[in-house]
Amino acid sequence: MKSPRKLIMAAPVFFLLTLHTLASSGYGNWPDTRHSNGHACIGCVLVVSMIEQLTQVHNSTVQISMERLCSYLPEKLFLKTTCYLVVHIFGPDITKLFRADMNADVVCHTLEFCKQDPGQPLCHLYPLPKEAWTFTLEKARQIVKKSPALTYSRSGAGICSLPFLAKICQKIKLSIQNSVPFKDADSDKYSDFPTLRGFYWRGRDCNDSNKMAYPGRRPDNWDSYQDSNCNGIWGVDPKDGIPYEKKFCEGSQPRGVILLGDSAGAHFHIPPDWITASQMSLKSFLNLPIALTNELDWPQLSGTTGFLYSTSRIKENSIYLRLRKRNHCNHRDYQNISKNGASSQNLERFIESLSRNQLLDYPAIVIYAMIGNDVCSGNIDPLPEMTTPEKLYSKVMQTLQYLDSHLPNDSHVILYGLPDGRFLWDHLHDRYHPLGQLNKDVTYAHFYSFLNCLQVSPCHGWMSSNKTLRTLTSERAEQLSKTLKKIATSQKFTNFDLFYLDFDFQEITEEWQRRGGQPWQLIEPVDGFHPNEVVLQLLADHFWKKMQHQWPHVLGKENPFNPQIEQIKDFSHPLLLKFGSSFST
């Protein structure tokens, strides 16, 4: 067995890759060493807080609470095993510190996962101890003075240094970097595996041994003998000898939908019951391995490419599901080319993961929605880091020229503007964060301040108590939106027409209020930043209605043969029945 030191010299994160992915994917654009230290601190404070609150909720000892947390975690990805190992190493010190009435901030500073650099402010989530901080911290350090656990936290090694996680980390790293499926036998950028950029992100490959069979292509010989475009429609009608694809799809104007987006488009989401002691159970973490291998994103439920029906209890569905309902020949033709931390300035790093052949494939609706990171960063002074209108213009034109050289003719591109993020502070700052609901001690204002202090906030400009900074951030967002609108109204391209849409958060909010909801319910509760699933579905509804009323040609025809397609979908094609009927997922 590997030595405990090598196994546990990562941060004390019981969620292992969860918090690592949360840190590197959702809470920063492209992480550096400074951000990594801040993320280790967040991970420690979150986990220690959960242990403390589990102790309160269940009236149990600290040791039992740590073991309870471990028992909730799945075996997959070694999550449960690693958790128990972490408890073995750090549990005794955490127990001693809790007995001395030290809170999560003190515990994590004592164990050196949180550090106050010389000349820098003290970063803390909870109210400071009644006694002086230096006195309290020194007292805590004396309690664990000779603890071997400190050698692990001081090592500074990352989670991926754990020997048995190296391969898993490498898979995730490659998947994130390249934005293409890790499992893709025929290298056609489509997969029959769900996560690691598989079919949760783009249509499922129906033949992963044939690179000429993939979603979105024009049928080969009308798919008389095999399904070359994975829409579940192939074979010949024995009554008249006409291929089903020709009979039902010819002239129906099939098209796919492609999203070029950031973490909002990928639907970054951390379930509140992951960190809320009173809600935690075995069921809470069932989807944890899937979420980890999807970078804590849930594209299968996103507003643009989601293929699963919404879990938010509203009737609206994704743009892809609407396109498929409109024309069943569009089945599986979706691509979510989104990345946590993406912006106009770094899209070029992964846009090549887009799959479209100008000669072989159907046209596509491409939605460009970089809605935050051009004005958002975690820096102490975020203003110098914001994209200027001139830089945005240059990069967006570069992106559009790339699309013009890759999209089939008769495609469509829609540019989304940026929202007014002052909504966040206005509606959340005085509400309790999930970590503060039990003891009424942490508001979103406290949470935002903690992230800003560590310089790992997803958007210091909007998640700030500084009203002037929030206003300046919104003014820059408005400038960038005007730039996008200018591009859409002035530029022409050979293979697609170009449109602009406002990201009208106010309209979404008003619609939600008409349904009896409250504005604060529209934001992801754990990170206090991302639009939640309700927003994404309402935004899809807004998009659809806008297209119907102003640019109906973008959506294509409604296929009159949809009922007939549904009748043949249950043909027993083994190739397509692997995950259900031939017309599933």
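Residues numbered from 1 in each chain as written. Predicted model: local features only at pLDDT ≥ 70, side-chain atom pairs only at ≥ 80, totals over all residues. Heavy atoms only, no water.

Identification of the protein as Acyloxyacyl hydrolase from Bos mutus is taken from an unreviewed UniProt entry. UniProt annotates the protein under Subunit (unreviewed entry) with the comment "Heterodimer of the large and small subunits; disulfide-linked." Its UniProt record gives the protein a comment under Catalytic activity (unreviewed entry), which states: "a 3-(acyloxy)acyl derivative of bacterial toxin + H2O = a 3-hydroxyacyl derivative of bacterial toxin + a fatty acid + H(+)". (UniProt positions renumbered as here; feature names shortened; annotations may be inferred.)

Q: Report on the pattern of salt bridges, specifying residues and quantitative values.
A: Using the criterion set out here, one finds 14 salt bridges in the structure. Here the salt bridges share partners, and the residues they tie into one network are E316, E511, R514 and R515. (Salt bridge = Lys/Arg side-chain N within 4 Å of Asp/Glu carboxyl O.)

Q: I'd like a rundown of the nonpolar core, residues and numbers included.
A: Residues L400, L403 and L415 are the most contacted members of the largest nonpolar core, which totals 149 residues. At 10 residues, helix α3 (residues 33-58) tops the list of elements feeding residues into this core. Looking at this core, you find at least three residues from each of domain 1 (34-160) and domain 3 (254-556). When sequence neighbours within four positions are dropped, the list of residues in contact with L403 reads L260, I351, L354, V366, V413 and F496. (Core = buried A, V, L, I, M, F, W, Y, C linked by side-chain atoms within 4.5 Å. Buried < 20%, exposed > 50% of the residue type's maximum accessible area, 1.4 Å probe, protein only. Helix = DSSP H or I, 4+ residues; strand = E, 2+ residues; numbered from the N terminus. Domains from an automatic or database assignment. Contact = heavy atoms within 4.5 Å.)

Q: Just give me the short version of the side chain of K395, but keep the residues and values in it.
A: In this fold, K395 is placed in helix α14 (residues 389-404). Not counting the four nearest positions on each side in its chain, K395 is found in contact with S344, Q345 and E348.

Q: How would you explain the packing of aromatic side chains if you had to name every residue and give the values?
A: The description of two aromatic rings rests on the distance between their centres and on the angle between their planes. Counted according to the given criterion, the structure contains 17 aromatic pairs. Between Y190 and Y214, the ring centres sit 5.9 Å apart and the planes meet at 10°, which makes this aromatic pair stacked. Of this pair, Y190 sits in the loop between α9 (166-178) and α10 (244-249) while Y214 sits in the loop between α9 and α10, and the two are 24 residues apart along the sequence. Residues Y190 and Y214 agree in their burial class; the two are buried. (Phe/Tyr/Trp six-rings, centres within 6.5 Å; stacked < 30°, edge-to-face > 60°.)

Q: Outline the state of the cysteines, listing residues and values.
A: Taken as a whole and judged by the stated rule, the model has seven disulfides. Across the disulfide, C41 is cross-linked to C114 (sulfur-sulfur distance 1.9 Å). With the S-S bond torsion at 95°, the cross-link from C41 to C114 turns out right-handed. Here C41 is found in helix α3, whereas its partner C114 is found in the loop between α6 (104-110) and α7 (133-143), with 73 residues between them in sequence. Here C123 is linked by a disulfide to C453, with a sulfur-sulfur distance of 2.0 Å. With the S-S dihedral at roughly -80°, the linkage between C123 and C453 falls on the left-handed side. With C123 in the loop between α6 and α7 and C453 in helix α16 (residues 444-454), this residue pair connects regions lying 330 residues apart in the sequence. C453 sits in the partly exposed class, given a relative accessible area of 22%. (Disulfide = S-S within 2.5 Å.)

Q: Requested: an account of the pairing of strand β1 (residues 256-261), with residues and values cited.
A: Within β1, six of the six residues are buried, which leaves the element mostly enclosed by the surrounding structure. Here β1 shows no split at all, with G256, I258 and L260 on one side and V257, L259 and G261 on the other all buried. Bridge analysis of β1 against strand β2 (residues 334-338) gives five bridges, and the strand direction is parallel. Counted as the bridge partner of G261 is S338 from β2. (Pairing = 2+ DSSP bridges.)

Q: Would you mind going over unusual backbone geometry in detail, with residue names and values included?
A: One non-glycine residue, L196, lies in the positive phi region at around 50°. Here L196 lies in the loop between α9 and α10. Here L196 falls in the buried class, since its relative accessible area comes to 9%. Despite not being glycine, H267 has its phi angle at roughly 65°, a positive value. Mapped onto the elements of the fold, H267 is located in the loop between α11 (263-266) and α12 (288-292). Its relative accessible area of 2% is what places H267 among the buried residues.

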